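This is what each chain is made of:
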Amino acid sequence: DLLAPTCSLLGSLAFGKLEPGVRDLDEARLAIDALTALAPLLADGPRRDVQQMIANLQLAYAEAAGA
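The structure presented is a predicted model; accordingly, all values stated were derived computationally and were not measured. (Residues numbered from 1 in each chain as written. Predicted model: local features only at pLDDT ≥ 70, side-chain atom pairs only at ≥ 80, totals over all residues. Heavy atoms only, no water.)

### With respect to helix H3 (residues 44-66)
Stated formally: Under the DSSP-based scheme used, a helix requires at least four consecutive residues in state H or I and a strand at least two consecutive residues in state E, with every element numbered from the N terminus. Each helix should span, by expectation, one fewer than its residue count multiplied by 1.5 Å. Note on classification: 1.4 Å probe, protein chains only; a residue is buried when its accessible area is under 20% of the maximum for its type, exposed when over 50%, partly exposed between these limits. By definition, residues are in contact when any of their heavy atoms lie within 4.5 Å.
Compared with the 33 Å implied by 1.5 Å per residue over 23 residues, the 33 Å span of H3 between its first and last C-alpha is a close match. Turning to H3, its buried residues number three or more, namely Val-50, Met-53, Ile-54, Leu-57, Tyr-61 and Ala-64. Structurally, H3 contributes buried residues whose contacts are with helix H1 (3-17) and helix H2 (25-38).

Right, here's the structure in full:
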């Protein structure tokens, strides 16, 4: 399955774009939106993992946007 590793990569990229030294909220939001679109296409196990990653990213995004 190609989608699970792709989602993992997108998650890593999004977290990287939320780091204080290289913060790019537009790119992070784009990666989060892509993950949200891909999550329903995954099997149950990977989908739960990706949904948890999305939730974590959304929290990190909110914190970064508020900083």
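### Side note on the nonpolar core
Side chains of nonpolar character tend, in soluble globular proteins, to be buried together. The line we're drawing: Here the nonpolar core consists of buried residues drawn from Ala, Val, Leu, Ile, Met, Phe, Trp, Tyr and Cys, with membership extended through side-chain atoms lying within 4.5 Å.
Judged by nonpolar contacts, the single largest core of 17 residues is most densely connected at Cys-7, Leu-18, Ile-32, Leu-35, Val-50, Ile-54 and Leu-57. If you list the elements that add at least two residues to this core, you get H1, H2 and H3. When residues of this core are assigned to their parent elements, the largest contribution, six residues, is made by H3. Discounting chain neighbours no more than four positions away, the residues touching Cys-7 are Leu-35, Leu-38, Leu-42, Val-50 and Met-53.

### A closer look at the pattern of salt bridges
Formally: What makes a salt bridge here is a side-chain nitrogen of Lys or Arg within 4 Å of a carboxyl oxygen of Asp or Glu, nothing more.
Tallied over the full model, the rule gives two salt bridges. A salt bridge links Arg-29 to Asp-33; its shortest N-O distance comes to 3.2 Å. Taken together, the positions of Arg-29 and Asp-33, both in helix H2 and four residues apart, correspond to about one turn of that helix. The class of Arg-29 is partly exposed, set by a relative accessible area of 27%. On the basis of relative accessibility, which here comes to 38%, the residue Asp-33 falls in the partly exposed class. Across the pair Arg-47 and Asp-44 runs a salt bridge, and its minimum N-O distance is 2.1 Å. Here Asp-44 and Arg-47 lie together in helix H3, a separation of three residues that amounts to about one turn. Here Arg-47 falls in the partly exposed class, since its relative accessible area comes to 22%.

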